[in-house]
Amino acid sequence: MFGRNAWSIGRLGGVELKIDPSWSFIAFLIGYSFFVVLDFRFDAIGTGVLIGLAGLMALAFFFCVLLHELAHAWVAQTRDVEVESITLFLFGGATKADLETEEPNDELTIAIVGPVTSLVLAGLFWLGAVGFGSGTVGGFVSGRLGWINLILAVFNLVPGFPLDGGRVLRSIIWKQTGNIARATRIAARAGQVVGFSIIALGALEILLLGALIGGLWMVAIGWFLAQAAQASFLQLQFRQILAEVPASRVMSNGVVEIAGDVTIQRAVDEYFMKHDHNAFPVRDGDQTVALLTLNAVRETPREQWSTTRVSEIAEPLSDSLIVAPSDHLDEVVGKLMGGDLRRVVVATDGEVSGVITPRDLSRWMQRTQELGLTESPAS
Ligand SMILES: [Zn+2]
């Protein structure tokens, strides 16, 4: 969901650190709001120094969020859960860990350690504020950073997936039911409920208190959370379907095969222009040996169509183009992405039973979702 357009800023202990472009917006906003409060309190200091100070505070906030995420990643790694990347985005960060290597207890510990880190940071900044003394610039800056870390901890503990608190909730349900899909569904629903509640509170704030900016912030945060909850649930469902459904359920049947010694001209006239397919398996004797695609035909000069045989331009069927009917969709997707023909042939021992294209796959997924078949009734 996030991180697709994120900038990579380096690696730490094998974990890639990334920043989503939305973060530069929030960093600017936070820096600006720091400047406004600093300017209000300590206007005697001078604008240049205050801007520098506000920049430093924004930077400190950035490191606090990073520490929160590094804590997730570090605990994950000590538990042998693979961590791929950390992405900082609009309202915080996301640590991408490999779910397959995870257990409910791991998820609980990994999730809780983030907010705990933010709480510890809040405590440290509070001590710093006391040390500098109230009324001083240092005390004020430290106190503000303490508050922000406290808010970060509390917001992340809200029990709605994909927030840390939602992950804690999911791990508890997961542990009790042994069913991660059900646990994710409940935790994601909670995330949506929390998201819509925050939107409602934001709307009330605007309508009753007239606080437009604050209210809009709440609406934005609530909307973001509700969307993220929905998206993470769909993502999990999608992954489960890929891992469980066999190729034979998705493939288009009614495969039309071409004999290898037919000319391209005949293939065009009698196959491409008559059937609704952009590729045809090519037969040699009793074996299917190749795949003739529209692209291969297009790349052959028109004047050679009547003299060239299909077998001369068809792509030989290698392992990267064939899946067994019982192979699961994750394998199919891997081969669809890996090859440049954008299709795989479903076959057993040279006997073709179907073809799968990305379009077949996405249409099948869409129908599955529209009919509500994404979950087995038992769960
Ligand atoms: Zn977290």
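Everything quoted here is computed from the prediction, not taken from an experiment.

Structural notes on the nonpolar core
Then, in step 1: The biggest cluster of nonpolar side chains holds 31 residues, and the ones touching the most others in it are W23, F34, L38, F62 and L88.
Then, in step 2: In terms of residue count, helix α2 (residues 47-78) provides more of this core than any other element does, eleven residues in total.
Then, in step 3: Counting 17 residues, the second largest nonpolar core, distinct from the first, contains I264, V268, Y271 and L292.

Points about the packing of helix α1 (residues 22-41) against α2
Then, in step 1: Across the interface, α1 lies against α2 with an axial gap of 8 Å and an inter-helix angle of 135 degrees. Classed by the angle they form, the pair α1 and α2 counts as oblique. The two elements α1 and α2 cross, and the hand of that crossing is right-handed. Residue-level inspection shows W23, A27, I30, G31, F34, F35, L38 and D39 of α1 in contact with α2, the latter providing T47, L50, I51, L53, A54, M57, A58, F61 and F62.

Considering the coordination of the zinc ion
Then, in step 1: Around the zinc ion, the protein contributes the donor atoms H68 (NE2), H72 (NE2), D164 (OD) and D164 (OD), which lie 2.0 to 2.7 Å from the metal centre.
Then, in step 2: Because the angles between the four donor atoms bound to the zinc ion fall within 54 to 148 degrees, the donor set is best described as irregular.
Then, in step 3: Spacing between the donor residues of the zinc ion along the chain follows H-x3-H-x91-D. With a gap of 92 residues between them, H72 in helix α2 and D164 in helix α5 (residues 164-177) connect regions that are remote in the sequence.
Then, in step 4: Exposure remark for D164: the relative accessible area of 7% places this residue in the buried category.

Remarks on the domain arrangement of the chain
Then, in step 1: Per the domain assignment, the segments making up the chain are domain 1 (7-157), domain 2 (178-244) and domain 3 (249-370).
Then, in step 2: Each of domain 2 and domain 3 has a C-alpha centre, and the two are 42 Å apart.
Then, in step 3: Every contact between the two is made by six residues of domain 2 and, on the other side, eight residues of domain 3.
Then, in step 4: Each partner contributes to the roughly 590 Å² buried at the junction of domain 2 and domain 3, and carbon and sulfur atoms together form 73% of this total.
Then, in step 5: Together, I241, L242 and A243 form the three largest contributors to the area buried by domain 2 at its contact with domain 3, with a combined 70%.
Then, in step 6: One can count zero salt bridges joining domain 2 with domain 3.
Then, in step 7: Inspection of the region where domain 2 meets domain 3 yields three residue pairs in polar contact (both at pLDDT 80 or more).
Then, in step 8: Taken together, the residues that form the side of domain 2 that touches domain 3 break down as five nonpolar, no polar and one charged.

Reading the values: rules and limits
Counting from 1, residues in each chain are numbered in the order their sequence is written. With pLDDT at 70 or above as the cut-off, local features in this predicted model cover only qualifying residues; side-chain atom pairs require 80 or more to be listed or tallied, and sums for whole chains, interfaces and linings still use all residues. Excluding hydrogens and water, the side-chain values take into account all heavy atoms of the structure. What we call a nonpolar core is a set of buried Ala, Val, Leu, Ile, Met, Phe, Trp, Tyr and Cys residues that are connected through their side-chain atoms within 4.5 Å. Throughout, exposure labels follow a simple rule: accessible area from a 1.4 Å probe, protein chains only, divided by the maximum for the residue type, with under 20% read as buried, over 50% as exposed, and the rest as partly exposed. Think of it this way: any DSSP run of H or I at least four residues long counts as a helix, any run of E at least two long counts as a strand, and we number them from the N terminus. Only the stretch in contact is used when fitting a helix axis, every axis being a line fitted to C-alpha atoms; angles between N-to-C directions are given from 0 to 180 degrees. The scheme is simple: roughly parallel for angles under 35 degrees, roughly antiparallel for over 145, roughly perpendicular for 65 to 115, oblique for anything else. Here a crossing is called left-handed whenever its near helix is offset anticlockwise from the far helix by less than a right angle, and right-handed whenever the offset is clockwise. Two residues form a contact once any of their heavy atoms are found within 4.5 Å. With water omitted from the atoms examined, metal sites may look incomplete; donors here are N, O and S atoms no farther than 2.8 Å from the metal, or 3.2 Å in the case of Na, K and Ca. Sites are called tetrahedral only when four donors show all angles between 85 and 135 degrees, square planar or octahedral only when four or six donors show opposite pairs over 155 degrees and all other angles between 65 and 115, and irregular in any remaining case. Source of the domain bounds: an automatic or database domain assignment. What gets called buried area is simply the loss in accessible area from a 1.4 Å probe that two parts show on being joined, summed for both. By salt bridge we mean one thing: a side-chain nitrogen of Lys or Arg within 4 Å of a carboxyl oxygen of Asp or Glu. Throughout this description, a polar contact denotes any pair of N or O atoms lying within 3.5 Å of each other; where both atoms belong to protein, one of them has to be capable of donating a hydrogen while the other can accept it, and for residues adjacent in sequence the pair is counted only when both atoms sit in side chains. Gly falls in the polar group here, along with every residue not listed as nonpolar (Ala, Val, Leu, Ile, Met, Phe, Trp, Tyr, Cys, Pro) or charged (Asp, Glu, Lys, Arg).

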